[in-house]
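# Reading the structure
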Amino acid sequence: MKDNRSVNRILSILELIAAHPEGLTLGQIYRELDIPKATAYDFLQTLYKADAIYYKDPRLKNYVIGSKMFAIGSVYTKNSSLIEASEMLLRNFANEYGKTVLITKQTEDHYVHIFKYQPPNSLIFISEEIGYISNDFDISPIGRAFKIFTQKRNKLEPNQLVEFDRGYVLSNEQQGHISQIAVPVKNFENRVVGILSVSDLWQDKPEKNEVILELVQIAKTVSKRLGYLGD
């Protein structure tokens, strides 16, 4: 079936705006997406009237995501089988170890957080919230996990094979003061449908093995709940 060009353009506009919380102007949007100015303006006005976007600053006319998209996203978080299968396990894990937990999904060339829980005993504040979008697949452990576990083993580089075989990705010194573990979740199609991750304060030493193994076990349990029949 042929793709609907207008729908694809509207989705591209929404994704672009969502990736820039400071807001984007009409000029920035049509130049970034390489679409006619008049076309971009018509789409933006339609989205604006539907409250899918609004002006962060009316003087600058910089668009940000509106309440309509938040409402739609809220429905998704209530209906997501991945969140339903993971939430209680991750909350208990977070409360026990004092770590922030995230569930993240990949969409084409970026990934987005769909669940976050930060326990009261967490040592640091994680600023990334639900709806945060990134295309960092090289440094971020979450991005690297998507990059590694969505490929076939024979397509990976030697350093990626190590992480593939052990089943998780760890942060390194490039992550600054954040320590992170990222583990894939698979479904009945043997497809990676999300990444579970935990974040904590970087303490110049590897994460405790017991913490890593428990998160890996949680990911395996969630995968089985989603119909995965592998190990």
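What this report covers is the structure whose coordinates are included nearby. (Residues numbered from 1 in each chain as written. Predicted model: local features only at pLDDT ≥ 70, side-chain atom pairs only at ≥ 80, totals over all residues. Heavy atoms only, no water.)

Taken in spatial order, the six strands of this open sheet run 5-4-3-8-7-6, and their pairing is antiparallel. In this open sheet, the two edge strands, each paired with only one partner strand, are strand 5 (133–134) and strand 6 (169–170). Relative to strand 4 (residues 110–117), strand 3 (residues 100–107) is paired through seven bridges, and the arrangement is antiparallel. Opposite Thr104, over in strand 4, you have His113 as the bridge partner. Helix 8 (residues 209–225) contacts strand 6, strand 7 (178–186) and strand 8 (192–201) of the sheet and is inclined by roughly 25° relative to strand 7. (Pairing = 2+ DSSP bridges. Helix = DSSP H or I, 4+ residues; strand = E, 2+ residues; numbered from the N terminus. Contact = heavy atoms within 4.5 Å. Axes fitted to C-alpha atoms, helices over the stretch in contact; angles between N-to-C directions.)

Right, let's get into the packing of aromatic side chains. Under the criterion given, the structure shown has six aromatic pairs. For the pair Tyr111 and Phe137, a centre-to-centre distance of 5.4 Å together with 85° between the ring planes defines the contact as edge-to-face. Of this pair, Tyr111 sits in strand 4 while Phe137 sits in the loop between strand 5 and helix 6 (141–149), placing them 26 residues apart in sequence. Exposure class is identical for Tyr111 and Phe137. Each is buried. (Phe/Tyr/Trp six-rings, centres within 6.5 Å; stacked < 30°, edge-to-face > 60°. Buried < 20%, exposed > 50% of the residue type's maximum accessible area, 1.4 Å probe, protein only.)

Take the environment of Asn121 next. Here Asn121 shows up in the loop between strand 4 and strand 5. Along the sequence, Asn121 and Gly98 sit 23 residues apart, while their C-alpha atoms lie 5.0 Å from each other. The contacts of Asn121, once residues within four sequence positions are left out, are Ala94, Asn95 and Gly98. In this structure the side chain of Asn121 is engaged in a polar contact, spanning 3.3 Å, whose partner is the backbone oxygen of Asn95. (Polar contact = N/O pair within 3.5 Å; in protein donor to acceptor, adjacent residues only side chain to side chain.)

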